[in-house]
Amino acid sequence: MQHKKERLPEWSWIKVPFFLIFFWSLAASICAGQMSEQTDGQLSEDGEYHRLTGADIMTQVFERHKLFPYVYEEQTMILTDNVGNRDVRQVRRFSRVESDGTMKYLLVFDDPVEVRGVAIRFVRYNTGIVENQIYLPALGKEVSSGQSKGQVRQLLGTDFALEDLVESLDDFKYVRLQDQTIGKIAHFVVEAFPLEKDRGFSGYNKRRLFIRQDNFFIVRTDYFDLGNRFFKQLTCHDLKRVDKKMWRANMLLMEDKRQQHTTLIKIDQRVFSRDYVPPEIFNFNKMKTNKNIGN
Amino acid sequence: MFTRFLMLGANHRLLTLLFLVLITCIAGLGLPRLKMDTDVYSLIPQSHPDKKAYDQIVQEFGSDNRSIVYVKDENLWSEDKLAALERLHFALGSLDAVKQVDDLFTLRSIRGAKGNIESKPILEHGPKGVAAIEQARSDALYNPLLQNNIISRDGTATALVVSLYAPYEKNKSDSQINNTLEETLEPFRPIFQDVFQVGESRINAELRSVLHKDLKLLAPLSVLVLVAAILFFLRSGFAALVPLVTSGLSILWTFGIMGWINSPINILTAMLPSLVVVIGSTEDTHMISCYFQGVFQAQKDHRTFATRFMMKHLGVPLILTVLTTALGFASNVFNSIGIIRDFALMSTIAILANGLITWLFVPLILSVFGPTHSGIFKANKHLVGLPAVFVKMFVHVKRRFPRAVLVATALLCVFFAYQFSRLLVTNDPLSYFRKDQPLIVDTQTIHENLAGMKLFFISLTADREKAFLEPEMLKKLAAIQNFLDKQEVFDTSLSLADHLSLVNQEFHGGEKDYYKVPDRKKLVAQYLLFFHRRDLKNYVNHDFSRACIVVRHNISDSSSLNRYIRELREVAPGIVGPGTRVDIVGENLMINEAAEGLIKAQIKSLGILLAAIFIITSIMFTSFKGGIISLIPSLIPAILMFGIMGFLKIPLNPGTAMVAVISIGIAIDGTLHLFSRYNELCRRTSDYDAAVLETVHQEATPMVTTSLALALGFGTLLFSNFTIIAQFGALAAATMVFALFANLLITPIIMSRVRLVGLYQILALKTHKEVLEKSPLLQGMSNYQKRKAILISELNEFDKGQLLLEKGTLGRSMYLILSGRVDVIRKKGDEERRVARLGPGQIFGEIGFVKEIERTADVRAITPVEVLRFDYKKLEQDLKFFPFIVAKLNFNISRVLGERLANANEAIDTQAFLAEKEPGE
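Residues numbered from 1 in each chain as written. Chains lettered and ligands numbered in written order. Predicted model: local features only at pLDDT ≥ 70, side-chain atom pairs only at ≥ 80, totals over all residues. Heavy atoms only, no water.

## Details of the overall build of chain B
Alright, step 1. Counting its secondary structure elements, chain B contains 31 helices and 18 strands.
Alright, step 2. Its C-alpha atoms give chain B a radius of gyration of 38 Å, clearly above 29 Å, the size a compact globule of 921 residues would have.
Alright, step 3. Counting over 921 residues, chain B shows a buried share of 59%.
Alright, step 4. Counting contacts in chain B only where the partners sit at least 6 residues apart, residues at least 24 apart contribute 79% of the total.
Alright, step 5. Within chain B, one finds 97 positive and 87 negative side-chain charges whose respective centroids are separated by 7 Å. (Helix = DSSP H or I, 4+ residues; strand = E, 2+ residues; numbered from the N terminus. Rg over C-alpha atoms; globule rule 2.2 N^0.38 Å. Buried < 20%, exposed > 50% of the residue type's maximum accessible area, 1.4 Å probe, protein only. Contact = heavy atoms within 4.5 Å. Lys, Arg positive; Asp, Glu negative; His and termini not counted. Charge placed at Lys NZ, Arg CZ, Asp CG, Glu CD.)

## Comments concerning the overall build of chain A
Alright, step 1. On a plain count of helices and strands, chain A comes out with 5 helices and 13 strands.
Alright, step 2. Here chain A holds 295 residues, and the buried ones make up 48% of them.
Alright, step 3. Excluding contacts between residues fewer than 6 apart, the proportion of contacts in chain A whose partners are at least 24 apart in sequence is 45%.
Alright, step 4. Surface accessibility of chain A: about 15,300 Å² in total, with carbon and sulfur atoms responsible for 53%. (Areas by Shrake-Rupley, 256 points an atom, 1.4 Å probe, with all protein chains shown as cover.)

## With respect to a positive patch on the surface
Alright, step 1. Together, B:Lys807, B:Arg826, B:Lys828 and B:Arg833 make up a positively charged patch on the protein surface.
Alright, step 2. Following the sequence through the fold, B:Lys828 ends up in strand S14 (residues 822–828). (Patch = residues over 30% accessible without salt bridge, like charges linked within 9 Å, V, L, I, M, F, W, Y side chains within 5 Å. Salt bridge = Lys/Arg side-chain N within 4 Å of Asp/Glu carboxyl O.)

## So, the environment of A:Leu209
Residues and elements named next belong to chain A.
Alright, step 1. Examined against the element boundaries, Leu209 turns out to sit in strand S9 (residues 204–212).
Alright, step 2. Given the relative accessible area of 6%, Leu209 is considered buried.
Alright, step 3. Each C-alpha atom, one on Leu209 and one on Arg220, is 5.9 Å from the other, the two residues being 11 residues apart in sequence.
Alright, step 4. Apart from the residues lying within four places of it in its own chain, the contact partners of Leu209 are Met58, Tyr174, Phe188, Val189, Val190, Ala192, Ile218, Arg220 and Thr221.

## Side note on the pairing of S9(A)
All names here are of chain A.
Alright, step 1. A large share of S9 lies buried, amounting to 8 of its 9 residues.
Alright, step 2. As judged from the 6 bridges shared by strand S8 (residues 185–194) and S9, these two strands associate in the antiparallel manner. When the bridges of S9 are listed, Val190 appears paired with Leu209.
Alright, step 3. Alignment of S9 against strand S10 (residues 218–225), held across 7 bridges, turns out to be antiparallel. Residue pairing for S10: Tyr204 is matched across the bridge by Asp225.
Alright, step 4. The turn linking S9 back onto S10 is made up of 5 residues, and Phe216 within it adopts a positive phi angle of 55 degrees. (Pairing = 2+ DSSP bridges.)

## Quick word on the interface of chain B and chain A
Alright, step 1. Tallying the contact residues gives 31 residues for chain B and 38 residues for chain A.
Alright, step 2. In total, chain B and chain A occlude about 2,900 Å² of area from one another, counting both sides; carbon and sulfur atoms represent 56% of this.
Alright, step 3. If you look at where chain B meets chain A, you find 3 salt bridges.
Alright, step 4. Close ionic contact of B:Glu86 with A:Arg229 constitutes a salt bridge, the shortest N to O distance being 3.6 Å.
Alright, step 5. The tally of links between chain B and chain A comes to 9 residue pairs in polar contact (both at pLDDT 80 or more).
Alright, step 6. Class assignment for the residues of the side of chain B that touches chain A results in 11 nonpolar, 8 polar and 12 charged. (Buried area = accessible area lost by both parts, 1.4 Å probe. Polar contact = N/O pair within 3.5 Å; in protein donor to acceptor, adjacent residues only side chain to side chain. Nonpolar A, V, L, I, M, F, W, Y, C, P; charged D, E, K, R; others polar.)

## Things to note about the packing of helix H10 (residues 272–297) of chain B against helix H11 (residues 302–330) of chain B
All names here are of chain B.
Alright, step 1. For the pair H10 and H11, interaxial distance at closest approach is 8 Å and the crossing angle is 155 degrees. With respect to H11, the element H10 is oriented roughly antiparallel. Two packed elements cross with a definite hand, and for H10 against H11 that hand is right-handed. (Axes fitted to C-alpha atoms, helices over the stretch in contact; angles between N-to-C directions. Parallel < 35°, antiparallel > 145°, perpendicular 65-115°, else oblique. Left-handed = near helix turned anticlockwise from the far one by under 90°.)

## Some thoughts on the side chain of B:Asn354
Alright, step 1. Residue placement: B:Asn354 occurs in helix H12 (residues 338–369).
Alright, step 2. The exposure class of B:Asn354 is buried, given its relative accessible area of 6%.

## Quick look at the sheet that holds strand S6 (residues 194–198) of chain B
Residues and elements named next belong to chain B.
Alright, step 1. The 4 strands are arranged S2-S5-S1-S6 in an open sheet whose pairing can be described as antiparallel. The sheet is open, and its two edges are formed by strand S2 (98–102) and S6, each paired on a single side. Going from strand to strand, the sheet's axes swing by 20 degrees on average, the running direction of each strand aside.
Alright, step 2. Sheet analysis places S2 next to strand S5 (residues 157–164), joined by 4 bridges and oriented antiparallel. The residue of S5 that forms the bridge with Val101 is Val162.
Alright, step 3. Along the sheet face, helix H7 (residues 174–185) touches strand S1 (66–72), S5 and S6 and points at about 165 degrees away from the line of S6.
Alright, step 4. Relative to S6, helix H15 (residues 438–449) is tilted by about 105 degrees, and along the sheet it contacts S1 and S6.

## Description of the packing of aromatic side chains
Alright, step 1. Considering all chains together, one arrives at 20 aromatic pairs over all chains under this definition.
Alright, step 2. Measuring from centroid to centroid gives 4.9 Å for A:Tyr204 and A:Tyr223, while their planes differ by 45 degrees, and the two rings are tilted. Of this pair, A:Tyr204 sits in strand S9 while A:Tyr223 sits in strand S10, placing them 19 residues apart in sequence. Per residue, the accessibility class of A:Tyr204 equals that of A:Tyr223, and both read buried.
Alright, step 3. Between A:Phe224 and A:Phe230, the aromatic rings sit 5.7 Å apart at their centres with planes inclined by 50 degrees, giving tilted as the arrangement.
Alright, step 4. Judged by relative accessible area, which is 36%, A:Phe230 ranks as partly exposed.
Alright, step 5. Here a set of aromatic residues connected by ring pairs shows up, and it is made of A:Tyr72, A:Phe94 and A:Tyr276.
Alright, step 6. Cation over ring: A:Arg229 sits above B:Phe90, and NZ or CZ is 3.2 Å from the ring centre.
Alright, step 7. Cation over ring: B:Arg563 sits above B:Tyr564, and NZ or CZ is 5.2 Å from the ring centre. (Phe/Tyr/Trp six-rings, centres within 6.5 Å; stacked < 30°, edge-to-face > 60°. Lys NZ or Arg CZ within 6 Å of the ring centre and 35° of its normal.)

## Here we look at the packing of helix H9 (residues 237–260) of chain B against H10(B)
Residues and elements named next belong to chain B.
Alright, step 1. It is the contact of H9 with H10, at a shortest axis distance of 8 Å, that shows an interaxial angle of 140 degrees. Classified by the angle between their axes, H9 and H10 sit oblique to one another. The hand of the H9/H10 crossing is right-handed. In this structure, H9 uses Ala239, Val242, Pro243, Thr246, Ser247, Ser250, Ile251, Thr254, Phe255 and Met258 to contact H10, whose residues at the interface are Leu272, Pro273, Val276, Val277, Ser281, Asp284 and Ile288.
Alright, step 2. Within the contact of H9 with H10, the residues separate by chemical class into 11 nonpolar, 5 polar and 1 charged.

## A closer look at the nonpolar core
Alright, step 1. Core analysis: the biggest nonpolar cluster contains 114 residues, and B:Phe433, B:Phe714 and B:Phe722 have the highest contact counts within it.
Alright, step 2. Leave out the neighbours within four places in its chain, and B:Phe722 touches B:Leu207, B:Val210, B:Leu211, B:Asp214, B:Ile267, B:Tyr432 and B:Phe433.
Alright, step 3. Grouped together as the second largest cluster of nonpolar side chains are 103 residues, A:Met103, B:Val489, B:Val503 and B:Phe530 included. (Core = buried A, V, L, I, M, F, W, Y, C linked by side-chain atoms within 4.5 Å.)

## Re unusual backbone geometry
Residues and elements named next belong to chain A.
Alright, step 1. Residue Pro112 is reached from Asp111 by a cis peptide bond, and omega for that bond is 10 degrees.
Alright, step 2. Topologically, Pro112 is positioned in the loop between strand S3 (103–111) and strand S4 (119–124).
Alright, step 3. Its identity as a non-glycine residue notwithstanding, Phe216 has a phi of 55 degrees, on the positive side.
Alright, step 4. Mapped onto the elements of the fold, Phe216 is located in the loop between S9 and S10.
Alright, step 5. By relative accessible area, which is 2% here, Phe216 ends up buried.
Alright, step 6. Of note, Gln260 is a non-glycine position whose phi angle comes to about 55 degrees, a positive value.

Structural measurements only, silent on function.
The following block contains the structure:
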């Protein structure tokens, strides 16, 4: 709101209403601004949200949060077993989305020292095929571990499956359920079912996603096994807005309820920059000599 | 006074009855509190040195309390069967008592080929399609960690290993857990060819159920057999009823006390009713038999006389036998194995209770309702039936082959003593069941198709973190496993080394040459990234400072298992080297190692019992020789029993371990009765052979009755569903027969060759101490010499009017009067003339002692008389090394003779003088 610049008469009681109007306008615009930040998803008319389908919601989710092409993260990964023993790993994560929709991910271990340089790379082609390779520096070579994302469970001893990390909007059929309010925040609830072509490869019958309505961020995912039994849950914490609409969680907690084991991923640093994720980084041969990756 | 004490029950009937009723009521109130406990944990001594290490290892690596669900089907690898298997997996996992399920759905397959590596559960979900199923089957059969462990060689059988919470953790009993598992399996039985589960909960539950059946069957059967046996031998319904009542009360008191003190019924104490019925009837039968003798002898007031007769003759043996039998059981009361300790305590209480009841109740009931006629004692005193056969056999053998019998028995004992060295020992709960029991058949099936269900841990603890990332340490695990393979007795062993070897192989394209531990620490750490913590938590701890080898086996024979474990314990430290501790622990190991404690406990109990018997009988006979001799008839059955066990490979287990002690306790009962009766008879006759024969004659009926009734009663235990109880029954029955043979054949032969002085005699001598000191026969002798001379003599008692010596008979005995008076009488035709009246301290028969000639006069007791009889031959033999004592005795005899001669000459001179004086004066 622009303030009209006027010469006001010298102080007199007639100026008070103008001050009041000024301050009220200022306050209103600030509130309006806040509202537009927090609830840009909540359209002024409530009926809009009711008309959104599961696919619509997920489209919003992906468009806002999941498609930034170059992300570099430094992560601390803490694995905790059922009696409280902890394993701590330091990992760097590189992700890149190519123009043809191919997604590439690379995880490189920095700590403990015995596993420094271990790298796992997965590539999801726009056909849906996922390839992944693992490089073990001590062995001096990489090996592939299958061409289906569904074939890798409990990736590297964590509670994440490969398909938890590599997913695309087109991989699922979405069904919207009744909205829920959790912690005074309204959430969409959407169930994601693997498409028929992927059934038999996925380890899940479905996932149930809890998406904040204010920012379309998935804060919780419940995983159901092929017998439709709930057994795993991912929750996202310490949400940060990184862009106009894009949010990221700085802490992810995956809990395997059945095995009473958890994996906590803490993002220590995140950089959205192409320079941090050059294409050659995904080349293992280059990786072996690249000091940035380590060996 | 002692007789009054023994007759307490008969003399104060109302008070006695009130007392018995009161105790019975109090005990009865304890019965509802009685529980049953078949937990095999009670077989582990609390003081076991490995228990602490075991508890730590269990906490770190998980319990060895696992049940195996076995599933077999020829078409296991089909869609519907695998779908059913998955349902079973989840059904088990959802049970409250189940901690974890390890099976094809959770265990990892790692396969590598042509640059690819796959790491995933064998069956994460029921695969669909032939190709997927075949792949899964191939993965399962390929994996060496699963073969003969989770999947059989032919792939048609698989195991779901169910780790359970301990019953106390979930407030459930073993029976409840077992029932839950069975209910869960029930819907799957029609689907698969074979489905069952085996584990500790089932073992405990079946122990309990079989125990119930045994109690319901065996106790009434024992009673029936006992009643029939006693009825047959004693021909009296009353005689059969009395043991029932005394045993019934004893059992009620014992179980009531158990209820009050929270001592549960276990597999050993479940034998108590049978034991009490048969053992308790021993004394009752002796007493009834003696009562009938009293009835036979009574001229009026049969019941009172017979009851008093019975208690007078059997009071002391009753007390002694109750004490020795109780002692036999009690000797195990400090055993480190809980189950044996409980049995020792409760059986001691049962025997003491039975003794108390017998002492009070039997005289009470007999004095009021006792029969007034005896079916077994006829006017001609001839024995009838089986007892008569035994007596005839004894007489024949004793007459013709006494030495041969003794030698043959000694040789037999030597042979069986040697067999004892081959005795096996076992404490394994599975060995309690018969081989055809479903539980045993099922465990055998698992062993044949997969791996034995018993397991133990070999834990290696290093002195630093991450030790088991080092290849050298991992190779030590592999080396120990190689040693286990060489022993060829264990089914499988699994460790971290196996997991890493498999990964190493697969990362090299599946080449078998690479099935070995990686040679670099970094490679180990990187391989380990492929495992979830869950995959390894049974094999290595979190900081990799401790690793565990899980060994599965099916060995039930404790001595074999203990031998192999001992071997392993000797070798393992050498393999691991300094700085690494090796612990070899497991619940079944501790149970089996407790078996060795059984032998030690047995030897200790036997030692204590024999020592106690030796002391008691030595006191009784005031002679160590007597103590040793009375041990012989007790040792013979025990030696024969152990020898037969070794010969027939019947193992020593918590059941059979009881037999030796019980058998000695019972055998000594017969021995004490025999010796007691024999000593009593020896007081009245100098013909020892006749005394032996009379002893056998009198004791044959009760001994044959009790021994055969006991043998038959124990024999009923052969119907038990537990092998240990059936073995116990068979051995105990055989031991009763051995004891009968020893008591009715060997003991009398020994008795006839040995003279024993009884406590009675010594006590009697003590009361006549003054008489002895003033006696001219023992003048001038030191106390030691007097005692020596007295101990060679025998104490005889005669009633008023009885003839001690008869004129014209030959005899080499001399008599010293302790109490009473005798007349020395000369006969001339019909005329009798008293020559002398002798009293305490004086001797007679000394002429025959000095020279074997016909007695010159009769000696008759004019009051009840107690005398010491000195036999010339015995004195000559026993005192040949004591010439001074012999000389002294001879001197004193000479002096007595000289004095008598002098007195006689004086009497003759006086008579002659008076005869000369009479006409003139």
